[in-house]
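Results of the structural survey
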Amino acid sequence: MARIYNFSAGPSTLPEAVLIKAQQEMLEWQSSGMSVMEMSHRGKDFMAIADTMKNDLIELMAIPANYKVLFLQGGASAQFAMIPQNILNGKTSACYVNTGAWSTSAIKEAAKYCEVKLVASSEDTAFTSIPAAEHWQIDTDAGYLHYTSNETIHGVEFNHVPDAKGLPLVCDMSSNILSRPVDVSRFGIIYAGTQKNMGPSGVTVVIVREDLVGLAPKSVPSVFNYEQQAKSDSMLNTPATYNWYLLGLVLQWLKGEGGVAAIEQRNINKANKLYQAIDQSSMYRNPVALDCRSRMNVPFVLADAGLDKEFLKLAEQHGLSTLAGHRSVGGMRASIYNAMPEAGVDALIEFMAEFERTH
Ligand SMILES: *Cc1c(COP(=O)(O)O)cnc(C)c1O
């Protein structure tokens, strides 16, 4: 068996130690006589797994006591609808910042439930920048302000938490959660699908401030209601139990690596190396403004797009997989989440230099 370096944007590479642990525990979890997959979600073994997982997340992110932490289904995409359904609280509009494809999807969905006020957009730069805060037009009568802290497709990342002018700040952190410390108390809601930086797909983490829980109108379906999910510990319906377990293993791994501050240092090193290699070459180019280049998703184009296929083919032969950019933007994209080892980035940089020399 040969594991390769997988640069997929999501589902994405997992820490090998997590996969080995899951393999060891596949047939029997501790002395339970069964696999986690086969356990009742109400049983004491699974309850212990769930509690540890939740407490590890609270510890890693230093989530204050006045937040509910939910583990839901439907992905980040379900949150695009659940947020306006749950927290508008009688308001008829919500503010959105558009910095790329995922913001655009969130806006489209929210527009089914309220008037979307576009605070700022970087569409005019083909989503290679973040609009300067002084030009944001925030309507303080709106229900909340939504933004996407890392645009997975365009490789654009906020390096600060924006000022929401008193509105509840809502953030799609799907592709950079746990990659750097954040002050959770600045947010009304943080949400993230797990399949980028936290585990396999199938779970959506929703961290919601208590005052935003319990505002949904009665017409909102129970499983989409934050209050009902919070009251039942995210077990209103049968949760994705095995995925909770795997998320728990990833969190334990992250704690063992030194936590979020330690992984941030590693992420900075990995990203700096890769951007430096791109900037110093005459073959590769990253189009994103310097102050908002993503540490997680690094898109780059080749000077001659005619070489794209050859690049991808040879990369694959070198054990470097899934480097094609998103179909909407083309070129290449290396996703280098927490679980991508530094050696994987080194191997990519070496391959890129070799390809440049021979082409
Ligand atoms: C992947 C991604 C999504 C979509 O996630 P699903 O879990 O597939 O709904 C939304 N936002 C961002 C930033 C993403 O990276």
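The text that follows walks through the structure, step by step, so that each part is easy to find. Since this is a predicted model, take the numbers as computed values, not measurements.

Strand pairing in a sheet is mediated by backbone hydrogen bonds. Such pairs are either parallel or antiparallel. Within the open sheet, the 3 strands sit side by side as β11-β12-β14. Their pairing is antiparallel. Edge positions in the open sheet fall to β11 (284-285) and β14 (332-335), since each of these has one partner strand only. One ladder, built from 2 bridges, connects β11 with strand β12 (residues 297-302); its direction is antiparallel. Bridge pairing in β12 links Arg-285 to Val-301. Docked against the sheet, helix α7 (residues 259-280) engages β11, β12 and β14, running at close to 15° with respect to β12.

What follows is about the packing of aromatic side chains. Counting across every chain of the model gives 14 aromatic pairs. Seen in terms of ring centroids, Phe-46 and Trp-244 are 5.9 Å apart; in terms of plane orientation they differ by 35°. Their pairing is tilted. Here the residue Phe-46 occupies a position in helix α2 (residues 44-61), and Trp-244 occupies one in helix α6 (residues 241-256), the gap between them amounting to 198 residues. Summarising the burial analysis for this pair, Phe-46 and Trp-244 share the class buried. Aromatic side chains Trp-136 and Phe-158 sit 6.2 Å apart centroid to centroid with 85° between the ring planes, which places their arrangement in the edge-to-face category. Of the two residues, Trp-136 is situated in the loop between β4 (115-121) and β5 (145-148) and Phe-158 in the loop between β7 (156-157) and β8 (169-172); the sequence distance between them amounts to 22 residues. Members of the aromatic cluster, each reached through a chain of ring pairs, are Tyr-284, Phe-300, Phe-311, Phe-351 and Phe-355.

Time to look at the sheet that holds strand β10 (residues 204-209). Sheet architecture is open: 7 strands sit in the order β2-β10-β9-β8-β5-β3-β4, paired in mixed fashion. The sheet terminates laterally at β2 (67-72) and β4, the two strands that pair on one side only. Taking the axes of each pair of neighbouring strands and ignoring which way they run, one obtains an average angle of 20° across the sheet. Here helix α3 (residues 75-87) sits on the sheet in contact with β2, β3 (93-98), β8, β9 (189-193) and β10, set at roughly 155° to β9. Running at roughly 165° to β3, helix α4 (residues 101-110) makes contact with β3, β4, β5 and β8 of the sheet.

With that out of the way, let us pick up the pattern of salt bridges. Using the criterion set out here, one finds 20 salt bridges in the structure. The residue Lys-44 makes a salt bridge to Asp-45 at a minimum N-O spacing of 3.9 Å. You can call Lys-44 exposed: its relative accessible area is 69%. On the accessibility criterion, Asp-45 (26% relative accessible area) is partly exposed. With a closest N to O distance of 2.9 Å, Asp-279 and Arg-293 form a salt bridge. With Asp-279 in helix α7 and Arg-293 in the loop between β11 and β12, this residue pair connects regions lying 14 residues apart in the sequence. According to the relative accessible area criterion, Arg-293 is buried, its value standing at 15%. What emerges from the salt-bridge pattern is a single network uniting Asp-56, Glu-59 and Lys-255.

So, on to the side chain of Asn-150. Summarising the element assignment, Asn-150 is placed in strand β6 (residues 150-151). Judged by its relative accessible area of 1%, Asn-150 is buried. One polar contact links Asn-150 to Ser-294, side chain to side chain, over a distance of 2.7 Å. Not counting chain neighbours up to four residues away, the residues in contact with Asn-150 comprise Val-156, Glu-157, Asp-172, Ser-175, Asn-176, Ser-294, Met-296 and Asn-297.

The rules behind the values
- Residues numbered from 1 in each chain as written.
- Predicted model: local features only at pLDDT ≥ 70, side-chain atom pairs only at ≥ 80, totals over all residues.
- Heavy atoms only, no water.
- Pairing = 2+ DSSP bridges.
- Helix = DSSP H or I, 4+ residues; strand = E, 2+ residues; numbered from the N terminus.
- Contact = heavy atoms within 4.5 Å.
- Axes fitted to C-alpha atoms, helices over the stretch in contact; angles between N-to-C directions.
- Phe/Tyr/Trp six-rings, centres within 6.5 Å; stacked < 30°, edge-to-face > 60°.
- Buried < 20%, exposed > 50% of the residue type's maximum accessible area, 1.4 Å probe, protein only.
- Salt bridge = Lys/Arg side-chain N within 4 Å of Asp/Glu carboxyl O.
- Polar contact = N/O pair within 3.5 Å; in protein donor to acceptor, adjacent residues only side chain to side chain.

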